[in-house]
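Structure assessment
Here's the letter readout for the chains.
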Amino acid sequence: AEAEAKGLDVAAQKNVFNNDKATAEEVAAAIDFVNQAISKYEENSVDPYNPVDKTGVITNPSYDANTNDGWSGTTPGFQSYTDAEHYNKTFDSWQMLENIPNGLYKMTVQGFYRPATSGATGAVFYAANGTDSLTVNVPDLNSEVANISLPNNMQSAEEAFVAGLYVTELVFTVTDNKARIGVTLPATTGSTDWVIWDNWQLTYYGNKETSYDAFVK
């Protein structure tokens, strides 16, 4: 439906979907064709001055059911506040995004790091494309001290996120229609290290020469 709404010719693929005798391989190939057609269309049509919300390509971006569905790597902990957390451990929690348009993206996510050693860094949000990886430090718990009483459990962390605090942005480029996004802490600083996060979002600026200019301006 999305491809047809964009005026793309996917009649042959639609016939495959409607054919109950089609093999699993034929259906997979048809899905791949449609996804690639939509990606190419968006690469050429998205106005970088009016970027597109692509959060929908992320499975379970806000952990609404307090589960890790769609995510891989180290499984985080959950309670009932729709946030994910790791406590006193090294970890790498990530999701592979596939069949997405090439071009410029902005990833937005909320979260903070409470290191056991005050002032320590190490926890990062990242976006990887092939062998290239861009990272940004997860904000320190104390970075919002002027705006809120410091969270010390998942409930108060969720209250801070609802208030719009602890927002991080990372701009990255996709060149092969896929990217890996995630959060990692390669080494702990003590027994009370705590990282908690929520609300992944993705904004797409297209794949034109003007995409980068538009974002900078």
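Residues numbered from 1 in each chain as written. Predicted model: local features only at pLDDT ≥ 70, side-chain atom pairs only at ≥ 80, totals over all residues. Heavy atoms only, no water.

**As for the pattern of salt bridges**
- Counted according to the given criterion, the structure contains four salt bridges.
- Arg-180 is the salt-bridge partner of Asp-92, the closest N and O atoms lying 2.9 Å from each other. Note that Asp-92 is positioned in strand 4 (residues 91-98) and Arg-180 in strand 9 (residues 178-185), a separation of 88 residues in sequence.
- With a relative accessible area of 24%, Arg-180 lands in the partly exposed category.
- Its salt-bridge partner being Glu-169, residue Lys-106 comes within 3.7 Å of it at the nearest N-O pair. One end of the pair, Lys-106, is in strand 5 (residues 103-114); the other, Glu-169, is in strand 8 (residues 167-174), with 63 residues separating them in the sequence.
- On the accessibility criterion, Lys-106 (16% relative accessible area) is buried. (Salt bridge = Lys/Arg side-chain N within 4 Å of Asp/Glu carboxyl O. Helix = DSSP H or I, 4+ residues; strand = E, 2+ residues; numbered from the N terminus. Buried < 20%, exposed > 50% of the residue type's maximum accessible area, 1.4 Å probe, protein only.)

**Some remarks on the environment of Glu-42**
- Following the sequence through the fold, Glu-42 ends up in helix 3 (residues 24-45).
- Separated by 36 residues in the primary sequence, Glu-42 and Lys-6 have C-alpha atoms spaced 9.4 Å apart.
- Once you skip the residues sitting within four places of it in the chain, Glu-42 turns out to touch Glu-2, Lys-6, Lys-54, Pro-101 and Tyr-204.
- Side chain to side chain, Glu-42 and Lys-54 meet in a polar contact 2.8 Å long. (Contact = heavy atoms within 4.5 Å. Polar contact = N/O pair within 3.5 Å; in protein donor to acceptor, adjacent residues only side chain to side chain.)

**Notes on the nonpolar core**
- By size, the foremost hydrophobic cluster in this structure holds 28 residues, and its most contacted members are Val-195, Trp-197 and Trp-200.
- Those elements giving two or more residues to this core turn out to be strand 4, strand 5, strand 6 (124-129), strand 8, strand 9 and strand 10 (194-204).
- If you look at the next biggest cluster of nonpolar residues, it comprises ten residues, including Phe-112, Tyr-166, Trp-194 and Ile-196. (Core = buried A, V, L, I, M, F, W, Y, C linked by side-chain atoms within 4.5 Å.)

**Here we look at the confidence of the model for the chain**
- With 98% of its residues at a pLDDT of 70 or more, the chain shows a mean pLDDT of 90.
- When the elements of the chain are averaged for pLDDT, helix 5 (residues 209-216) gives the smallest value, 74, and strand 2 (residues 72-73) the largest, 98. (pLDDT = per-residue confidence, 0-100.)

**Some details on the layout of surface pockets**
- Computed from the structure, the largest pocket encloses a volume of approximately 280 Å³.
- Taken together, 19 residues make up the lining of the largest pocket; nearest its centre are Glu-2, Ala-3, Val-34, Asn-35 and Ile-38.
- If you list the elements that add at least two residues to the lining of the largest pocket, you get helix 1 (2-5), helix 2 (11-17) and helix 3.
- Considering each element in turn, the lining of the largest pocket owes the most residues, five residues, to helix 3.
- Classifying every residue of the lining of the largest pocket by side-chain character gives nine nonpolar, four polar and six charged. (1 Å grid on protein atoms, 1.4 Å probe; cavity = no way out; pocket = protein on both sides within 12 Å on 5 of 7 lines; lining within 4 Å. Points joined across faces, edges and corners; volume = space filled by probe spheres on them. Nonpolar A, V, L, I, M, F, W, Y, C, P; charged D, E, K, R; others polar.)

**Comments concerning the side chain of Thr-108**
- By secondary structure assignment, the location of Thr-108 is in strand 5.
- If we ignore the near neighbours within four places in the chain, the residues touching Thr-108 are Val-167, Thr-168, Glu-169, Asn-199, Trp-200 and Gln-201.

**Re helix 3**
- Between its first and last C-alpha, helix 3 extends 32 Å over 22 residues, near the 32 Å set by a 1.5 Å rise per residue.
- Among all positions of helix 3, only Ala-30, Val-34, Ile-38, Ser-39, Glu-42 and Glu-43 are buried.
- Each element contacted by the buried residues of helix 3 is listed here: helix 1, helix 2 and strand 10. (Expected span 1.5 Å × (residues − 1).)

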